[in-house]
Amino acid sequence: MRIAVTTPTGNVGRHVVAMLLRAGLRPRVLARDPGRLAPDMCREVEAVVVDQRDAEAVVAATAGADALFWVDPSSVGEDPLGDYELATASVVRAVRENGIERTVFQSSVGAERRHGAGDIDGLAGTEFALDSLGATVTHLRCGYFFTNLELQLDAVRAGVIPVILPLDQPLAWVAPRDIAEVAVTRLLSTDWSGRCVQAVHGPADLTWPQAAEIVSAAIGRPLRAERVSDDAMRSLLRTSGMADGLVEAVVGMSTGLRDGFVPEQSRTLYTTTPTTLAAWAYDVLRPQL
(Lines give C-alpha, C1' and ligand atoms only; values in the text may rest on other atoms or scores of the structure.)
Protein backbone atom coordinates (compact mmCIF):
# COMPACT_ATOMS: atom_id res chain seq x y z
CA MET A 1 0.00 0.00 0.00
CA ARG A 2 1.42 3.38 -1.03
CA ILE A 3 0.29 6.36 1.02
CA ALA A 4 1.20 10.01 0.48
CA VAL A 5 1.03 12.51 3.34
CA THR A 6 1.13 16.31 3.22
CA THR A 7 2.24 18.72 5.99
CA PRO A 8 4.37 16.08 7.75
CA THR A 9 5.64 18.70 10.21
CA GLY A 10 2.14 19.89 11.17
CA ASN A 11 0.34 18.99 14.35
CA VAL A 12 -1.64 16.19 12.74
CA GLY A 13 0.64 15.26 9.85
CA ARG A 14 3.62 14.25 11.98
CA HIS A 15 1.39 11.93 14.02
CA VAL A 16 -0.01 10.42 10.82
CA VAL A 17 3.51 9.73 9.55
CA ALA A 18 4.58 8.15 12.86
CA MET A 19 1.51 5.91 12.97
CA LEU A 20 2.03 4.74 9.40
CA LEU A 21 5.66 3.91 10.19
CA ARG A 22 4.54 1.89 13.21
CA ALA A 23 2.11 0.06 10.93
CA GLY A 24 5.07 -1.08 8.82
CA LEU A 25 4.58 1.33 5.92
CA ARG A 26 7.03 3.82 4.42
CA PRO A 27 4.89 6.82 3.51
CA ARG A 28 5.81 9.39 0.91
CA VAL A 29 5.77 12.80 2.56
CA LEU A 30 5.25 16.01 0.62
CA ALA A 31 7.00 18.92 2.29
CA ARG A 32 8.07 22.39 1.22
CA ASP A 33 11.16 21.95 3.39
CA PRO A 34 11.98 18.30 4.23
CA GLY A 35 14.88 19.65 6.32
CA ARG A 36 12.30 20.49 8.99
CA LEU A 37 11.54 16.80 9.47
CA ALA A 38 13.01 15.19 12.54
CA PRO A 39 16.21 13.36 11.48
CA ASP A 40 14.93 9.96 12.59
CA MET A 41 11.72 10.46 10.62
CA CYS A 42 13.56 11.73 7.54
CA ARG A 43 15.55 8.49 7.38
CA GLU A 44 12.40 6.35 7.39
CA VAL A 45 10.14 8.12 4.88
CA GLU A 46 10.27 8.97 1.22
CA ALA A 47 10.53 12.75 1.37
CA VAL A 48 9.66 14.89 -1.68
CA VAL A 49 10.15 18.65 -1.92
CA VAL A 50 6.74 20.05 -2.90
CA ASP A 51 4.89 23.33 -2.76
CA GLN A 52 1.27 22.21 -2.33
CA ARG A 53 0.11 25.20 -4.38
CA ASP A 54 2.12 23.94 -7.38
CA ALA A 55 -0.28 21.54 -9.08
CA GLU A 56 2.31 20.05 -11.45
CA ALA A 57 4.61 19.25 -8.52
CA VAL A 58 1.80 17.71 -6.46
CA VAL A 59 0.67 15.53 -9.37
CA ALA A 60 4.22 14.28 -9.88
CA ALA A 61 4.79 13.67 -6.16
CA THR A 62 1.59 11.64 -5.69
CA ALA A 63 2.00 9.42 -8.77
CA GLY A 64 1.46 5.79 -7.80
CA ALA A 65 -0.17 6.57 -4.46
CA ASP A 66 -3.13 4.45 -3.41
CA ALA A 67 -4.21 6.84 -0.65
CA LEU A 68 -3.59 10.47 0.22
CA PHE A 69 -3.79 12.42 3.46
CA TRP A 70 -4.30 16.04 2.44
CA VAL A 71 -4.06 19.12 4.64
CA ASP A 72 -4.44 22.50 2.96
CA PRO A 73 -1.28 24.50 3.76
CA SER A 74 -1.68 27.51 6.01
CA SER A 75 -1.45 30.96 4.49
CA VAL A 76 0.46 33.89 5.96
CA GLY A 77 -0.33 36.31 3.15
CA GLU A 78 -2.93 38.88 2.24
CA ASP A 79 -5.19 36.48 0.30
CA PRO A 80 -5.69 33.28 2.32
CA LEU A 81 -8.71 32.11 0.33
CA GLY A 82 -6.79 32.59 -2.91
CA ASP A 83 -4.04 30.39 -1.50
CA TYR A 84 -6.63 27.76 -0.59
CA GLU A 85 -7.90 27.79 -4.17
CA LEU A 86 -4.42 27.02 -5.48
CA ALA A 87 -4.01 24.13 -3.03
CA THR A 88 -7.46 22.84 -3.93
CA ALA A 89 -6.59 22.84 -7.63
CA SER A 90 -3.49 20.79 -6.79
CA VAL A 91 -5.28 18.06 -4.85
CA VAL A 92 -8.08 17.81 -7.42
CA ARG A 93 -5.60 17.32 -10.25
CA ALA A 94 -3.60 14.79 -8.23
CA VAL A 95 -6.63 12.67 -7.34
CA ARG A 96 -8.02 12.81 -10.87
CA GLU A 97 -4.84 12.31 -12.90
CA ASN A 98 -3.26 9.71 -10.62
CA GLY A 99 -6.46 7.79 -9.89
CA ILE A 100 -5.85 7.96 -6.14
CA GLU A 101 -8.27 5.48 -4.58
CA ARG A 102 -8.83 7.09 -1.17
CA THR A 103 -8.33 10.63 0.06
CA VAL A 104 -8.63 11.76 3.66
CA PHE A 105 -8.97 15.52 3.93
CA GLN A 106 -8.43 17.43 7.18
CA SER A 107 -11.35 19.86 7.27
CA SER A 108 -13.08 21.63 10.15
CA VAL A 109 -16.33 22.02 11.99
CA GLY A 110 -17.94 24.95 10.20
CA ALA A 111 -17.01 23.88 6.67
CA GLU A 112 -20.64 22.85 6.23
CA ARG A 113 -21.49 26.56 6.16
CA ARG A 114 -19.59 26.85 2.84
CA HIS A 115 -19.42 30.66 3.18
CA GLY A 116 -19.09 33.16 6.00
CA ALA A 117 -16.59 31.41 8.30
CA GLY A 118 -13.36 33.12 7.32
CA ASP A 119 -10.41 30.78 6.88
CA ILE A 120 -12.72 27.77 7.12
CA ASP A 121 -14.30 28.84 3.82
CA GLY A 122 -11.08 27.68 2.16
CA LEU A 123 -11.55 24.19 3.60
CA ALA A 124 -15.16 24.22 2.44
CA GLY A 125 -13.92 24.97 -1.07
CA THR A 126 -11.64 21.95 -1.00
CA GLU A 127 -14.47 19.74 0.26
CA PHE A 128 -16.75 20.96 -2.52
CA ALA A 129 -14.13 20.45 -5.23
CA LEU A 130 -13.34 16.89 -4.15
CA ASP A 131 -17.05 16.11 -3.94
CA SER A 132 -17.60 17.50 -7.43
CA LEU A 133 -14.83 15.23 -8.68
CA GLY A 134 -16.77 12.20 -7.45
CA ALA A 135 -13.74 11.06 -5.46
CA THR A 136 -13.72 8.52 -2.69
CA VAL A 137 -12.99 10.93 0.13
CA THR A 138 -13.47 11.31 3.86
CA HIS A 139 -13.72 14.86 5.15
CA LEU A 140 -12.60 15.04 8.77
CA ARG A 141 -14.63 17.83 10.38
CA CYS A 142 -12.34 18.57 13.31
CA GLY A 143 -13.00 20.57 16.44
CA TYR A 144 -10.81 23.25 18.03
CA PHE A 145 -7.23 22.01 18.33
CA PHE A 146 -5.70 21.86 21.81
CA THR A 147 -2.47 22.97 20.14
CA ASN A 148 -3.94 26.37 19.29
CA LEU A 149 -3.06 27.21 22.88
CA GLU A 150 0.61 26.88 21.95
CA LEU A 151 0.12 29.88 19.66
CA GLN A 152 -1.05 31.87 22.68
CA LEU A 153 1.74 31.16 25.14
CA ASP A 154 2.22 34.83 25.99
CA ALA A 155 -1.48 35.14 26.83
CA VAL A 156 -1.34 31.96 28.90
CA ARG A 157 1.67 33.30 30.81
CA ALA A 158 -0.19 36.57 31.38
CA GLY A 159 -3.17 34.63 32.71
CA VAL A 160 -5.81 35.97 30.30
CA ILE A 161 -6.84 34.57 26.91
CA PRO A 162 -8.87 37.00 24.76
CA VAL A 163 -11.73 35.44 22.79
CA ILE A 164 -14.56 36.77 20.63
CA LEU A 165 -16.93 33.85 21.00
CA PRO A 166 -19.64 34.08 23.67
CA LEU A 167 -18.19 32.72 26.89
CA ASP A 168 -21.11 30.33 27.33
CA GLN A 169 -20.81 28.80 23.83
CA PRO A 170 -19.41 25.26 23.99
CA LEU A 171 -16.80 24.08 21.47
CA ALA A 172 -15.54 20.64 20.58
CA TRP A 173 -11.89 20.56 21.78
CA VAL A 174 -9.66 17.88 20.23
CA ALA A 175 -6.08 16.61 20.35
CA PRO A 176 -4.29 16.49 16.97
CA ARG A 177 -3.00 13.01 17.78
CA ASP A 178 -6.56 11.74 18.01
CA ILE A 179 -7.35 13.29 14.62
CA ALA A 180 -4.33 11.46 13.20
CA GLU A 181 -5.59 8.16 14.58
CA VAL A 182 -8.93 8.61 12.83
CA ALA A 183 -7.16 9.63 9.62
CA VAL A 184 -4.82 6.63 9.62
CA THR A 185 -7.69 4.24 10.27
CA ARG A 186 -9.38 5.58 7.12
CA LEU A 187 -6.18 5.55 5.06
CA LEU A 188 -5.45 1.91 5.89
CA SER A 189 -9.02 0.68 5.43
CA THR A 190 -10.24 -0.33 1.99
CA ASP A 191 -13.81 -1.09 3.10
CA TRP A 192 -15.31 2.31 2.28
CA SER A 193 -16.06 4.33 -0.82
CA GLY A 194 -17.82 7.47 -1.99
CA ARG A 195 -18.13 10.64 0.07
CA CYS A 196 -17.89 10.36 3.84
CA VAL A 197 -17.94 13.03 6.53
CA GLN A 198 -16.38 12.05 9.85
CA ALA A 199 -16.48 14.55 12.67
CA VAL A 200 -13.65 14.43 15.22
CA HIS A 201 -14.90 16.14 18.36
CA GLY A 202 -12.46 15.23 21.11
CA PRO A 203 -13.70 13.99 24.51
CA ALA A 204 -16.03 16.85 25.49
CA ASP A 205 -17.58 20.15 24.42
CA LEU A 206 -16.19 22.95 26.57
CA THR A 207 -16.86 26.65 26.92
CA TRP A 208 -13.82 28.89 27.05
CA PRO A 209 -14.12 29.44 30.84
CA GLN A 210 -14.33 25.68 31.38
CA ALA A 211 -11.29 25.12 29.17
CA ALA A 212 -9.34 27.84 30.96
CA GLU A 213 -10.13 26.28 34.34
CA ILE A 214 -8.94 22.86 33.14
CA VAL A 215 -5.73 24.26 31.69
CA SER A 216 -5.09 26.36 34.79
CA ALA A 217 -5.22 23.29 37.01
CA ALA A 218 -2.93 21.35 34.67
CA ILE A 219 -0.24 24.03 34.34
CA GLY A 220 -0.41 25.30 37.91
CA ARG A 221 -1.03 28.91 36.90
CA PRO A 222 -4.12 31.13 37.08
CA LEU A 223 -5.85 31.45 33.71
CA ARG A 224 -9.15 32.87 32.57
CA ALA A 225 -10.88 33.67 29.29
CA GLU A 226 -11.98 37.23 28.63
CA ARG A 227 -14.37 38.21 25.87
CA VAL A 228 -13.20 41.14 23.75
CA SER A 229 -14.77 42.95 20.81
CA ASP A 230 -14.15 41.87 17.23
CA ASP A 231 -12.20 45.07 16.58
CA ALA A 232 -10.06 44.52 19.66
CA MET A 233 -9.17 41.06 18.38
CA ARG A 234 -8.34 42.51 14.96
CA SER A 235 -6.01 44.96 16.64
CA LEU A 236 -4.29 42.19 18.61
CA LEU A 237 -3.76 40.13 15.47
CA ARG A 238 -2.39 43.06 13.50
CA THR A 239 -0.01 43.82 16.36
CA SER A 240 1.29 40.25 16.06
CA GLY A 241 2.25 40.97 12.45
CA MET A 242 -0.66 39.48 10.52
CA ALA A 243 -1.63 40.98 7.18
CA ASP A 244 -5.13 42.46 7.02
CA GLY A 245 -6.47 39.70 4.78
CA LEU A 246 -5.28 37.03 7.18
CA VAL A 247 -6.67 38.96 10.15
CA GLU A 248 -10.15 38.87 8.61
CA ALA A 249 -9.81 35.17 7.80
CA VAL A 250 -8.84 34.36 11.39
CA VAL A 251 -11.55 36.53 12.95
CA GLY A 252 -14.11 35.00 10.59
CA MET A 253 -13.49 31.55 12.00
CA SER A 254 -15.10 32.75 15.23
CA THR A 255 -17.66 35.25 13.98
CA GLY A 256 -18.95 32.71 11.47
CA LEU A 257 -19.49 30.04 14.13
CA ARG A 258 -21.50 32.02 16.65
CA ASP A 259 -25.01 33.49 16.68
CA GLY A 260 -26.81 30.19 16.72
CA PHE A 261 -24.42 28.05 14.63
CA VAL A 262 -25.12 24.34 15.10
CA PRO A 263 -22.61 21.83 13.66
CA GLU A 264 -23.98 19.52 11.00
CA GLN A 265 -22.50 16.49 12.80
CA SER A 266 -23.62 16.09 16.38
CA ARG A 267 -21.44 14.46 19.02
CA THR A 268 -21.79 10.67 19.06
CA LEU A 269 -19.74 7.65 20.07
CA TYR A 270 -18.20 7.76 16.60
CA THR A 271 -17.05 11.37 16.84
CA THR A 272 -15.75 11.30 20.42
CA THR A 273 -12.02 10.75 20.92
CA PRO A 274 -10.17 9.98 24.17
CA THR A 275 -7.36 12.46 24.87
CA THR A 276 -8.48 15.02 27.47
CA LEU A 277 -7.51 18.68 27.53
CA ALA A 278 -6.20 18.21 31.07
CA ALA A 279 -3.82 15.42 30.05
CA TRP A 280 -2.60 17.28 26.99
CA ALA A 281 -2.07 20.53 28.90
CA TYR A 282 -0.06 18.76 31.60
CA ASP A 283 2.07 16.74 29.18
CA VAL A 284 2.56 19.30 26.38
CA LEU A 285 1.69 22.85 27.48
CA ARG A 286 3.06 22.82 31.02
CA PRO A 287 6.68 22.03 29.98
CA GLN A 288 6.65 24.95 27.54
CA LEU A 289 5.85 27.35 30.38
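Before reading on, note that the structure itself is shown above.
Computed from a predicted model, the values in this text were never measured in an experiment.

Conventions and cut-offs
Residues numbered from 1 in each chain as written. Predicted model: local features only at pLDDT ≥ 70, side-chain atom pairs only at ≥ 80, totals over all residues. Heavy atoms only, no water. Helix = DSSP H or I, 4+ residues; strand = E, 2+ residues; numbered from the N terminus. Rg over C-alpha atoms; globule rule 2.2 N^0.38 Å. Buried < 20%, exposed > 50% of the residue type's maximum accessible area, 1.4 Å probe, protein only. Contact = heavy atoms within 4.5 Å. Areas by Shrake-Rupley, 256 points an atom, 1.4 Å probe, with all protein chains shown as cover. Lys, Arg positive; Asp, Glu negative; His and termini not counted. Charge placed at Lys NZ, Arg CZ, Asp CG, Glu CD. Axes fitted to C-alpha atoms, helices over the stretch in contact; angles between N-to-C directions. Parallel < 35°, antiparallel > 145°, perpendicular 65-115°, else oblique. Left-handed = near helix turned anticlockwise from the far one by under 90°. Nonpolar A, V, L, I, M, F, W, Y, C, P; charged D, E, K, R; others polar. Pairing = 2+ DSSP bridges. Disulfide = S-S within 2.5 Å. Expected span 1.5 Å × (residues − 1).

## Quick look at the overall build of the protein chain
- The helix and strand inventory of the protein chain stands at eleven helices and twelve strands.
- Its C-alpha radius of gyration of 19 Å places the protein chain within 12% of the 19 Å reference for a compact globule of 289 residues.
- Going through the 289 residues of the protein chain one by one, you find that 52% of them count as buried.
- A separation threshold of at least 6 residues defines the contact pool for the protein chain, and within that pool the share at least 24 residues apart is 75%.
- Counting every atom, the protein chain has about 13,000 Å² of accessible surface; 52% of that belongs to carbon and sulfur.
- Separation between the mean location of the 27 positive side-chain charges and that of the 36 negative ones in the protein chain comes to 4 Å.

## Here's the deal with the packing of helix α8 (residues 208-219) against helix α11 (residues 277-288)
- For the pair α8 and α11, interaxial distance at closest approach is 8 Å and the crossing angle is 50°. Relative to α11, the element α8 is oriented oblique. Relative to α11, α8 is oriented so that their crossing is right-handed. For the pair α8 and α11, contact is made by A211, I214, V215, A218 and I219 and by L277, A278, A281, Y282, L285 and R286, respectively.
- Of the residues belonging to the contact of α8 with α11, the class tally is ten nonpolar, no polar and one charged.

## A word on the sheet that holds strand β7 (residues 144-145)
- An order of β7-β9-β11 is seen for the three strands of this open sheet, with the pairing classed as mixed. A single partner strand is all that each edge strand has here, and the edge strands are β7 and β11 (204-206).
- Note: β7 against strand β9 (residues 171-174), two bridges, orientation parallel. Its bridge partner being in β9, F145 is matched across the sheet by V174.
- Here α8 sits on the sheet in contact with β7, β9 and β11, set at roughly 105° to β11.

## Thoughts on the state of the cysteines
- In total, this model carries zero disulfides according to the counting rule given.
- Between C142, a free cysteine, and C196, which holds the nearest cysteine sulfur, the sulfur-to-sulfur gap is 15 Å.

## Remarks on helix α5 (residues 120-133)
- Over its 14 residues, α5 extends 20 Å from the first C-alpha to the last, a length consistent with the 20 Å expected when each residue adds 1.5 Å.
- Among the residues of α5, I120, D121, G122, L123, A124, T126, E127, A129 and L130 are the ones counted as buried.
- Residues of α5 that are buried sit in contact with α4 (80-98), β5 (102-108), β6 (137-142), β10 (195-200) and α10 (244-255).

## Some remarks on the sheet that holds β10
- With parallel pairing, seven strands are arranged side by side in an open sheet as β3-β2-β1-β4-β5-β6-β10. Of all strands in the sheet, those with a lone pairing partner are β3 (46-49) and β10, marking the two edges. Neighbouring strand axes in the sheet, compared pairwise and without regard to direction, differ in orientation by 20° on average.
- Relative to β3, strand β2 (residues 28-31) is paired through four bridges, and the arrangement is parallel. Across the sheet, residue A31 finds its bridge partner in β3, namely V49.

Keep in mind that these numbers describe shape and distance, not what the molecule does.
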